[in-house]
Amino acid sequence: MSRNARINSLLLLLVAALAVIPLALGLGDHKEEPFAGADGEAETAITEIDPDYEPWFSPLYEPPSGEIESALFALQAALGAGVLAYYFGLRRGRRQGEARARERAGAGRGRPGVRGGAQDAGVRGGADGGRD
């Protein structure tokens, strides 16, 4: 197993443990809503400290139910993940394109020690002419 595969497996195991351990240990069982968000926890703490507290702002949009609020949060997370995936994919594609361009430029000049050109396509491997 390669080093990257081990690291990825370890990270996947860590994420799974972060999701399962709180449920297995029963964390939050003493609360009415065991895994409520930080906003609700902060509101509860503030009203316990100062019952007369008035918020400075009110929300621009209040979803009609918790399910819709959860769906909007999931949509926001999915859009964010999509933007990040696009960015990292674009970066990787550019890096691979630059590497191929450098490889072609080095092969075209006939520099010693640099393989390239049509005569080496079979040597580099595969029916695809050595493309990664």
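What you see as residue numbers is a count from 1 along each chain, following the sequence as written. Local features in this predicted model are restricted to residues of pLDDT 70 or higher, and side-chain atom pairs are both shown and tallied only at a pLDDT of 80 or more, whereas totals for entire chains, interfaces and linings draw on every residue. To get the side-chain values, all heavy atoms of the structure are used, and hydrogens and water are removed first.

> It is not clear to me how the overall build of the chain should be interpreted in this structure. Could you clarify?
Strands here mean DSSP runs of E at least two residues long; helices mean DSSP runs of H or I at least four residues long; both are numbered from the N terminus. Each helix and strand in the chain was counted, giving 4 helices and 0 strands. Secondary structure of the chain in N-to-C order comes out as α-α-α-α. Within the chain, the fraction of its 132 residues that count as buried is 5%. Partly exposed residues are those whose accessible area sits between 20% and 50% of the maximum for their type, while under 20% is buried and over 50% is exposed, using a 1.4 Å probe and protein chains only.

> What am I meant to see in helix α1 (residues 3-25) here?
What sets the pattern is the α-helix's 3.6 residues per turn: residues three or four places apart point alike. Here α1 is 23 residues long and its end C-alpha atoms lie 32 Å apart, about the 33 Å a rise of 1.5 Å per residue gives. Fitting one axis to the seven residues ending at a residue and another to the seven starting there, the bend at that residue is the angle between the two axes. Its axis deflected by about 30° at Ala19, α1 carries its strongest bend there, up to four residues before the proline Pro22. Positioned one or two residues after α1, Gly26 has a phi angle of 75°, which is positive. Every helix has an expected span of 1.5 Å times one less than the residues it contains.

> Sorry if this is basic, but what is going on with the confidence of the model for the chain here?
As a per-residue measure, pLDDT reflects the predictor's confidence and takes values from 0 up to 100. When the pLDDT values of the chain are averaged, the result is 82; 79% of them are 70 or greater. Predicted confidence in the chain is weakest over helix α4 (residues 121-124), with a mean pLDDT of 50, and strongest over helix α3 (residues 66-108), with 93.

> Could you clarify how one ought to interpret the packing of aromatic side chains in this entry?
The relative placement of two aromatic rings is captured by the distance of their centres and the angle of their planes. Aromatic contacts are taken between Phe, Tyr and Trp rings whose centres are within 6.5 Å, Trp giving its six-membered ring; a plane angle under 30 degrees counts as stacked, one over 60 as edge-to-face, and the others as tilted. With the rule as written, the count across this model stands at 1 aromatic pair. Here the aromatic rings of Tyr87 and Phe88 are separated by 5.3 Å at their centres, their planes lie at 65°, and the arrangement is edge-to-face. The partly exposed category is assigned to Tyr87, whose relative accessible area is 44%.

> Any chance you could explain a negative patch on the surface here in plain terms?
Like charges within 9 Å and nonpolar side chains (Val, Leu, Ile, Met, Phe, Trp, Tyr) within 5 Å are joined into patches, using only residues over 30% in relative accessible area that form no salt bridge. Computed by Shrake-Rupley with a 1.4 Å probe, the accessible areas treat only the displayed protein chains as cover when residues are assessed. For this document, the term salt bridge refers to a Lys or Arg side-chain nitrogen within 4 Å of an Asp or Glu carboxyl oxygen. The positive count covers Lys and Arg only, the negative count covers Asp and Glu only, and His and the chain ends enter neither. A single reference atom marks each charge: NZ on Lys, CZ on Arg, CG on Asp, CD on Glu. Taken together, the side chains of Asp39, Glu43, Glu62 and Glu69 present a region of like negative charge at the surface. Mapped onto the elements of the fold, Glu62 is located in the loop between α2 (38-49) and α3. With relative accessibility at 56%, the residue Glu62 sits in the exposed group.

> Explain a nonpolar patch on the surface here, please?
A grouping of Leu60, Tyr61, Ile68, Leu72, Leu75 and Leu79 is seen on the molecular surface, where their side chains present a nonpolar patch of about 680 Å² in accessible area. Within the secondary structure, Tyr61 is located in the loop between α2 and α3.

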